[in-house]
Amino acid sequence: MKKIVIAALSIFTLGYPISLLANLKLPAIFNDGMVLQRESSAAIWGLASANTKVEILTSWNNNTYTTYSDKQGAWKINVATPKAGGPYQLLIKDDQSKITLGNVLIGEVWLASGQSNMAMPMKGLSAKEPVLHSDSILAAATNNQIRFFIAPQTSWAQPMQEYRQTKWQTANPTTARNFSAVAYTFANELQQKLKIPVGIIQVAWGGTFIQSWMSAKSLEAFPEVKLLPENDVAFEDKNTPAGLFNGMISPLIGYGIKGAIWYQGEQNVRDPKLYARLFPLMVKDWRSLWGQNFAFYYAQIAPWDYKSANQKAAWLREVQLNSLKEIPNAGMAVLTDIGMENTIHPPDKLTVGQRLSYLALQQTYGQTKVKAQGPEFHHLKIKGSRLFLTFTFADGLYLTEPESNTFEVAGADQVFYPATVSVSKGKMVLSSPKVPKPIAARYAYKGWVKGNLYNKYGLPASSFRTDNWDK
């Protein structure tokens, strides 16, 4: 708990809310047990009386940082953080009160956002929608070096500056039950490999469109997205455009992070073309608001039986793949092989978190020996009745089930048929007796499919196509 010393105790007799008992106030994100980004200029902000001197004393270097609140009482101070370590203390004070934050760690901080597959807790969503291996993972979850801050699920009609009261939690078998299974696995992998504290800020909500996670300003260029007027009230619908940005992202802007992980897209499968325009813009806007080109790693949506939207689901996975060309300092965890036909919430969240961590370890932390990419289609060559496909990241290219019909070929009539597939000198060779003159190939290009193309590191290929036909 924050330790607050009050200069004038007579306010107790007036029946004011507890939050008014001290002039000095911090947002909930600044609390005991928090993690600050290592070796950075970490911003800390809050409210005090107007035009008041505010000081922060950091125990790791015994430095005092000073500023003055503005006429509305708002203030912000950037403190220099050291190499990873802790626990430390911060003493924050003005001329009437002080707040001591204890058990503060210095390490790596990541934002974890998206819809239900990111929000899905380690305990599972229900008995019918569990998380694979959760019992053994939770049994080993006691780790003081992993901290979570779970933002309240809030959709608001204007940007909020603060959350309802919530706090940082340390990982243990009880608390971790409610942590995002993907984000916890990601954090655990980083903590084990880097041997430093890891903090996760979880801002996720199931069944949400990307439009709700974007700022109103960024959405102004999209007339098909209907924005509602700003107002200091909650939106009834969590999918109101900009609502989750206002209620869940806005209060965090400026908090020092190393990067973000993202798992969302299922809700947008019916309009892949719009998603292709929105997704890169959301990342660009978040980075602009934070003032840093932080790392952004995202999970490609896993296959599932989307019924009437099956083809569009494949298109959306393609949009996510192509977004790598639009979003710098990014990476995508391919999930073609872990989907489930009967649930949109595949239970294997361990693999998702691990693959996201491989991207971070390789690209953000420079561990070049870590392999993070599966085979990526590179080039098509036509030789008579056969198609030859080459790939990057193709060392040890193999199919687990060569007869599974994940590959298809088509001729000029644009009708696809299952292909006979072989691997020759690192190339995929495709043919079909029903297509004497093939000109196009597709792999796992369906709503529901079980991917089976890997490289020797056990990393899967994304679904892809060589054509651009609108069908």
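The rules we used
- Residues numbered from 1 in each chain as written.
- Predicted model: local features only at pLDDT ≥ 70, side-chain atom pairs only at ≥ 80, totals over all residues.
- Heavy atoms only, no water.
- Helix = DSSP H or I, 4+ residues; strand = E, 2+ residues; numbered from the N terminus.
- Rg over C-alpha atoms; globule rule 2.2 N^0.38 Å.
- Contact = heavy atoms within 4.5 Å.
- Areas by Shrake-Rupley, 256 points an atom, 1.4 Å probe, with all protein chains shown as cover.
- Pairing = 2+ DSSP bridges.
- Axes fitted to C-alpha atoms, helices over the stretch in contact; angles between N-to-C directions.
- Buried < 20%, exposed > 50% of the residue type's maximum accessible area, 1.4 Å probe, protein only.
- Right-handed = clockwise from strand over helix to strand, strands pointing away.
- Polar contact = N/O pair within 3.5 Å; in protein donor to acceptor, adjacent residues only side chain to side chain.
- Expected span 1.5 Å × (residues − 1).
- pLDDT = per-residue confidence, 0-100.
- 1 Å grid on protein atoms, 1.4 Å probe; cavity = no way out; pocket = protein on both sides within 12 Å on 5 of 7 lines; lining within 4 Å.
- Points joined across faces, edges and corners; volume = space filled by probe spheres on them.
- Nonpolar A, V, L, I, M, F, W, Y, C, P; charged D, E, K, R; others polar.
- Patch = residues over 30% accessible without salt bridge, like charges linked within 9 Å, V, L, I, M, F, W, Y side chains within 5 Å.
- Salt bridge = Lys/Arg side-chain N within 4 Å of Asp/Glu carboxyl O.
- Lys, Arg positive; Asp, Glu negative; His and termini not counted.
- Charge placed at Lys NZ, Arg CZ, Asp CG, Glu CD.
- Phe/Tyr/Trp six-rings, centres within 6.5 Å; stacked < 30°, edge-to-face > 60°.
- Parallel < 35°, antiparallel > 145°, perpendicular 65-115°, else oblique.
- Left-handed = near helix turned anticlockwise from the far one by under 90°.

A. Quick peek at the overall build of the protein chain. Within the protein chain one finds 8 helices and 24 strands. Relative to the 2.2 N^0.38 estimate, which gives 23 Å for 471 residues, the radius of gyration of the protein chain is 25 Å and therefore close to what a compact globule would have. Taken along the three principal axes of its C-alpha coordinates, the protein chain extends 90 × 45 × 40 Å. The long-range fraction of contacts in the protein chain, counting pairs at least 24 apart against all pairs at least 6 apart in sequence, stands at 73%. Total accessible area computed for the protein chain in this model is approximately 20,400 Å², and 51% of it derives from carbon and sulfur atoms.

B. A look at the sheet that holds strand E21 (residues 427–431). With antiparallel pairing, the 4 strands of this open sheet are ordered in space as E15-E16-E21-E20. Each edge of the open sheet is held by one strand with a lone partner, namely strand E15 (376–383) and strand E20 (420–424). Taking the axes of each pair of neighbouring strands and ignoring which way they run, one obtains an average angle of 25° across the sheet. Bridge analysis of E15 against strand E16 (residues 386–392) gives 7 bridges, and the strand direction is antiparallel.

C. Representation of the pairing of strand E14 (residues 330–333) in the model. The alternating pattern of E14 places Ala 330 and Met 332 on one face and Gly 331 and Ala 333 on the opposite face, and all of these are buried. Where strand E13 (residues 295–299) and E14 come together, 4 bridges link them in parallel fashion. Paired with Phe 296 across the strands is Ala 330, a residue of E14. Considered for its hand, the β-α-β crossover made up of E13, helix H7 (residues 310–322) and E14 is right-handed.

D. Inspection of the side chain of His 345 at higher detail. Along the chain, the position of His 345 falls in the loop between E14 and helix H8 (349–364). Side-chain polar atoms of His 345 contact the side chain of Ser 116, separated by 2.8 Å. Side-chain polar atoms of His 345 contact the side chain of Glu 129, separated by 2.8 Å. If near-sequence neighbours (up to four positions away) are discounted, His 345 is found in contact with Ser 116, Asn 117, Met 120, Leu 125 and Glu 129.

E. Region of interest: the pairing of strand E12 (residues 259–263). E12 sits mainly inside the fold: 5 of its 5 residues count as buried. Every second residue of E12 is oriented toward a common face, with Gly 259, Ile 261 and Tyr 263 on one face and Ala 260 and Trp 262 on the other, all of them buried. In the sheet, strand E8 (residues 98–114) pairs with E12 via 5 bridges, with the strands oriented parallel. When the bridges of E12 are listed, Ser 113 appears paired with Trp 262.

F. Structural detail: H8. Taking 1.5 Å as the rise per residue, H8 with 16 residues should run 22 Å; its terminal C-alpha atoms sit 22 Å apart, in good agreement. Of all the residues in H8, the buried ones are Lys 349, Thr 351, Val 352, Gly 353, Arg 355, Leu 356, Ser 357, Leu 359, Ala 360, Leu 361 and Gln 362. Contact partners of the buried residues in H8: E8, helix H1 (116–119), helix H3 (181–194), E12, E13 and E14. Regarding H8, its N-cap is Asp 348, as a side-chain oxygen of that residue lies 3.4 Å from the backbone nitrogen of Leu 350 further along.

G. Broad picture of the confidence of the model for the protein chain. Here the protein chain averages 94 in pLDDT, and 95% of its residues register 70 or above. In this model residues 1–22 is a low-confidence stretch, pLDDT under 50, and it forms 29 contacts with partners more than four residues away in sequence or in other chains.

H. Main features of empty space enclosed by the protein. Here the structure, examined in full by the defined rule, presents 1 cavity of 30 Å³ or more. Taken as a whole, the largest cavity holds about 40 Å³ of empty space. Forming the walls of the largest cavity are Asn 117, Glu 266, Ala 302, Pro 303, Trp 304, Tyr 306, Gly 339, Met 340, Thr 343, Ile 344 and Pro 346. Tallied by class, the residues present in the lining of the largest cavity amount to 7 nonpolar, 3 polar and 1 charged.

I. Up close: a positive patch on the surface. On the surface, a cluster of positive charge is made up of Lys 381, Lys 383, Arg 386, Lys 425 and Lys 427. Here Arg 386 lies in strand E16. In this structure Arg 386 comes out as partly exposed when scored by relative accessible area, which is 41%.

J. Seen up close, the packing of aromatic side chains. Overall, the coordinates contain 27 aromatic pairs when judged by the stated rule. Here the aromatic rings of Trp 213 and Trp 262 are separated by 6.4 Å at their centres, their planes lie at 85°, and the arrangement is edge-to-face. Note that Trp 213 is positioned in the loop between strand E11 (198–204) and helix H4 (216–219) and Trp 262 in strand E12, a separation of 49 residues in sequence. When its relative accessible area of 0% is taken as the criterion, Trp 213 is described as buried. In this structure Trp 262 comes out as buried when scored by relative accessible area, which is 0%. Judged by centre distance (5.9 Å) and plane angle (85°), the rings of Trp 290 and Phe 294 are edge-to-face. In terms of burial, Trp 290 and Phe 294 fall into one category: buried. Members of the aromatic cluster, connected to one another through ring pairs, are Trp 213, Trp 262, Tyr 275, Phe 279, Trp 286, Phe 296 and Tyr 298.

K. Spatial organisation of the packing of H3 against H8. Orientation of H3 relative to H8, taken along the N-to-C sense of each, is 45°, at an axis distance of 7 Å. When the axes of H3 and H8 are compared, the pair comes out oblique. The interaxial crossing formed by H3 with H8 has right-handed handedness. Of the residues in H8, those in contact with Ala 181, Val 182, Thr 185, Phe 186, Glu 189, Leu 190, Lys 193 and Leu 194 of H3 are Lys 349, Leu 350, Val 352, Gly 353, Gln 354, Leu 356, Ser 357, Ala 360 and Leu 361. Classifying every residue of the contact of H3 with H8 by side-chain character gives 10 nonpolar, 4 polar and 3 charged.

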